[in-house]
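Structural characterization, general
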Amino acid sequence: MERQTRFWQVALLALPLTVFAVLVIWPLASSFYYSFTNWNGFSADYDFVGLANFTKIYTDDLFRNAILNTIIWMVAAILLPTLLGLGLALLIDSRIPGGAMFKSIFYLPICLSAIVVGQIWVWIYQPDWGLLNTVIAAIRGDDMNFAWLAKPDTALGSVIVAWSWQQTGLSMVIYLAGLTAISEDLLEVCEMDGASTWQRLRLVVIPLLTPATVVVVALSVINSLKGFDILFIMTGGGPFNSSDTLAMHMYNESFKKYLMGYGSAISVVLFLIALTIIGIYFRQLRRVDEIYG
Amino acid sequence: MADTRAIPTRDTAMPEAADKPFDPWPAVIFIALVCLAVLFLTPTVGVLLSSVKTTREIALGELWSIPSALYLGNFTEVLNNPAVHRYLVNTLLVTAPATIASIVLGVLAGYVFAKLPFRGSNLLFLVIVSGMFFPPQVILIPLFRLFNAVGLIDTLWPIILVHTALGIPICTLLMRNFFATVPTALREAAIIEGANEWQVLTKVALPISLPALAVLATLQFTWIWNDFLWPLIFTQSDEKRTIMLGLVNMKGQYSVAWGVQGALSLIASLPTLIVFLFFQRYFIKGMTMGAVKG
């Protein structure tokens, strides 16, 4: 019996573990290895350059720019979809007619690809006939030809809005799932005790939604770290690198300039950032588990 | 907002409503939601509108108005383009095998983690699941080098293989959580009857796991179909492009033919939209299950 169990453990795990090890774990380790070389992506041989790629990071203005943009991108990509998603979930949960339909409408963008979403929003920001300029022109009664995606001041923000439009539905459904877990009796008691809607929301509902918030924030962080496609299609990191994030910078250095060694060093930094965030996430998750069971 | 909640049934509600002042909140919330819904739908409607308008109309600023006549020229243009057929076939050739393979591997691993735990299996499970959280850029360069070395660059194989591997974390997580709810007594009964683990997995556990399989199929299909990064890295020739890559590529070909681009976006999104419309329940469940139980 014991031996048979051992056999099946090995037999069933062999294939998934091999695939995962070869195509995920090994490349992850290799990234560290290549970050100490000057491999160019083509030639068979390369040299070890020690920490040169990492010291280059310190002097690379574009890297600093990318880190800064990544922070802005991530903070906005956490706050906007989380707050919007929470708001929508609370509104939909208030038992208005058509709740299921509203849910579908807000959730729909999630099934579109980042490429299609980017395409849609490029049209909204289009200077000559884009919806945004058309609406602003109608309100001001004046011509409006502002090129939102071509100006360094507005490019990143414009992409963040498009990104939030797509991600809000995800936060909303997680919050809705969280809201169904809050007992109605509790809310009734609050009401009988004379708590106003606002008090009930601030002191009871939102604290009880903490587990959902942890999940929403973690997902937002992870998704925003991965966010590449939508920037690629909407701005390509431009203009003048004003919307260049770490993932974008890594792609450009590796596959445009063929500095694969340096690109690996950037991806190692990206990995360490992700690792830190995941660590914090798992710790928070345990705390939430302890508090809320 | 809980005012409607506190009223248990309609019968008791009616007399009460008579002496209570009129409660405007449900109406206000409803109107607010309608406004937000319109705002949220606008971008999607824009694509729909563009696809049935001529380039001339759009350039004249008529994109956002209701069309007086349906112009289907954009769709015939796209559907008669052999490149689009190729892109769609390629995408299907990647998406179908990768979706199936990742689910199969997730089922195998998930079963062991749920029903045949061993020393350290929890740690191993955690390592696999954490693969879900990393930006794919981290493994881009080594994978490019690997597939370059074995001569598979510019074929569909690397895309299929990488999506299979990257699907393992979520598939293992969901299957383990689902198998954990299958009663152990069921498995033990089958074992006593003389079944081996493979038979328990395929004859007992899998047939009752159809909801979890549906969740994974919708999630994986959507993600892989919509992916852009891996085809971008692994393919070079137009022959091997997937639809999302084709979409970007054709922006050049149809640079000012906005309507054609709109029709193309719509056709590229159709499979995932259909999956979404019919399996929305599974899709949402998967998103929340994978997330909440993570």
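Reading guide: rules and limits
Residues numbered from 1 in each chain as written. Chains lettered and ligands numbered in written order. Predicted model: local features only at pLDDT ≥ 70, side-chain atom pairs only at ≥ 80, totals over all residues. Helix = DSSP H or I, 4+ residues; strand = E, 2+ residues; numbered from the N terminus. Buried ≥ 20, exposed ≤ 12 C-beta atoms within 10 Å, placed from the backbone. Contact = placed C-beta atoms within 7 Å. Arc of directions from axis to C-beta. Core = buried A, V, L, I, M, F, W, Y, C linked by C-beta atoms within 7 Å. Domains from an automatic or database assignment. Expected span 1.5 Å × (residues − 1). Nonpolar A, V, L, I, M, F, W, Y, C, P; charged D, E, K, R; others polar. Axes fitted to C-alpha atoms, helices over the stretch in contact; angles between N-to-C directions. Parallel < 35°, antiparallel > 145°, perpendicular 65-115°, else oblique. Left-handed = near helix turned anticlockwise from the far one by under 90°. pLDDT = per-residue confidence, 0-100.

This brings us to the overall build of chain A. Summing up its helical and strand segments, chain A has 13 helices and zero strands in all. Counting from the amino terminus, helix and strand elements in chain A follow one another as α-α-α-α-α-α-α-α-α-α-α-α-α. Taking the principal axes of the C-alpha coordinates as reference, chain A spans close to 80 × 75 × 30 Å. A burial count over chain A gives 43% of its 293 residues as buried. At a minimum sequence separation of 6, the contacts of chain A that also span at least 24 residues come to 71%.

A tally of regular secondary structure across chain B gives 15 helices and zero strands. When the 294 residues of chain B are sorted by exposure, 45% land in the buried category. Here the contacts in chain B between residues at least 6 apart in sequence split such that 75% fall between residues at least 24 apart.

Let us now look at the environment of Thr 5 of chain A. Note that Thr 5 of chain A resides in helix H1 (residues 2–34). Residues Thr 5 of chain A and Ile 124 of chain A lie 119 residues apart in sequence; the distance between their C-alpha atoms is 59 Å.

What follows concerns helix H11 (residues 197–205) of chain B. Taken together, the buried positions of H11 of chain B are occupied by Glu 197, Val 200, Leu 201 and Ala 205 of chain B. Down the axis of H11 of chain B, the smallest arc covering the buried residues is 95°, so these residues share one side. Taken together, the buried residues of H11 of chain B touch H1 of chain A together with helix H6 (82–115), helix H9 (157–180) and helix H10 (184–192) of chain B.

Val 159, Tyr 175, Ile 230 and Met 234 of chain A together with Tyr 111 and Leu 174 of chain B are the most contacted members of the largest nonpolar core, which totals 155 residues. Shared between two domains, this core holds at least three residues of each, these being domain 1 (3–73) and domain 2 (76–292) of chain B. Ignoring anything within four residues of it in the chain, the contact list for Tyr 175 of chain A reads Gly 85, Leu 86, Ala 89, Leu 209, Ala 212 and Val 216 of chain A.

Moving on: helix H3 (residues 61–93) of chain A. For H3 of chain A, built from 33 residues, the straight-helix expectation of 48 Å at 1.5 Å per residue is met to within 8% by its first-to-last C-alpha distance of 47 Å. The first or second residue beyond H3 of chain A is Arg 95 of chain A, which carries a positive phi of 60°.

Attention now goes to the domain arrangement of chain B. All names here are of chain B. Split by domain assignment, chain B resolves into domain 1 (3–73) and domain 2 (76–292). Between domain 1 and domain 2, the residue contacts involve nine residues of the former and 10 residues of the latter. Taken together, the residues of the side of domain 1 that touches domain 2 sort by class into three nonpolar, five polar and one charged.

Residues and elements named next belong to chain A. Packing of H3 against helix H7 (residues 155–180) leaves a shortest axis separation of 6 Å and a crossing angle of 45°. On the basis of the axis angle, H3 is oblique to H7. The interaxial crossing formed by H3 with H7 has right-handed handedness. For the contact of H3 with H7, the class distribution of residues is 18 nonpolar, seven polar and one charged.

Our focus in this paragraph is the interface of chain A and chain B. Contact with chain A, which involves 73 residues of that partner, is made by 72 residues of chain B. Looking at the side of chain A that touches chain B residue by residue, the class counts come to 53 nonpolar, 14 polar and six charged.

Here we take up the packing of H6 of chain B against helix H12 (residues 210–226) of chain B. All names here are of chain B. Running from amino to carboxyl end, H6 crosses H12 at an angle of 140°, the nearest separation of the two axes being 9 Å. Viewed along their axes, H6 and H12 adopt a mutual orientation that is oblique. Note on packing geometry: the crossing formed by H6 with H12 is right-handed. Taking contact as the criterion, the partners of Thr 91, Val 94, Thr 95, Ala 98, Thr 99, Ser 102, Ile 103 and Gly 106 in H6 are, on H12, Leu 213, Leu 216, Ala 217, Gln 220, Phe 221, Ile 224 and Trp 225. Among the residues forming the contact of H6 with H12, the class breakdown is nine nonpolar, six polar and no charged.

Turning next to unusual backbone geometry. A positive phi angle, near 50°, is found at Phe 240 of chain A, a position not held by glycine. With respect to the helices and strands, the residue Phe 240 of chain A is situated in the loop between helix H11 (229–234) and helix H12 (246–256). Phe 240 of chain A sits in the exposed class, given 11 other C-beta atoms within 10 Å. Even without a glycine there, the phi angle at Asp 154 of chain B is positive, about 70°. With respect to the helices, strands and loops of the structure, Asp 154 of chain B is situated in the loop between helix H8 (140–149) and H9.

Further remarks concern the environment of Thr 155 of chain B. Along the chain, Thr 155 of chain B turns up in the loop between H8 and H9. Along the chain, Thr 155 of chain B and Lys 240 of chain B lie 85 residues apart, while their C-alpha atoms are 6.4 Å from each other.

What follows deals with the confidence of the model for chain B. Residues and elements named next belong to chain B. The predicted model of chain B averages 83 in pLDDT, with 89% of residues at 70 or higher. Confidence scores differ between elements of chain B, with helix H1 (residues 3–6) showing the lowest mean pLDDT of 44 and H6 the highest of 94. Counting interchain partners and residues more than four positions distant, the pLDDT-below-50 stretch residues 1–17 has 17 contacts. Among the scores for the predicted complex, ipTM is 0.85 and pTM is 0.86.

Take the environment of Leu 140 of chain B next. With respect to the secondary-structure elements, Leu 140 of chain B resides in helix H8. If we skip the residues at most four places from it in the chain, Leu 140 of chain B touches Ser 254 and Ser 267 of chain A together with Ile 233 of chain B.

Take the confidence of the model for chain A next. Overall, the predicted model of chain A reaches an average pLDDT of 85, with 98% of residues at or above 70. Highest mean pLDDT in chain A belongs to H1 of chain A (91); lowest belongs to helix H8 (residues 184–192) of chain A (80).

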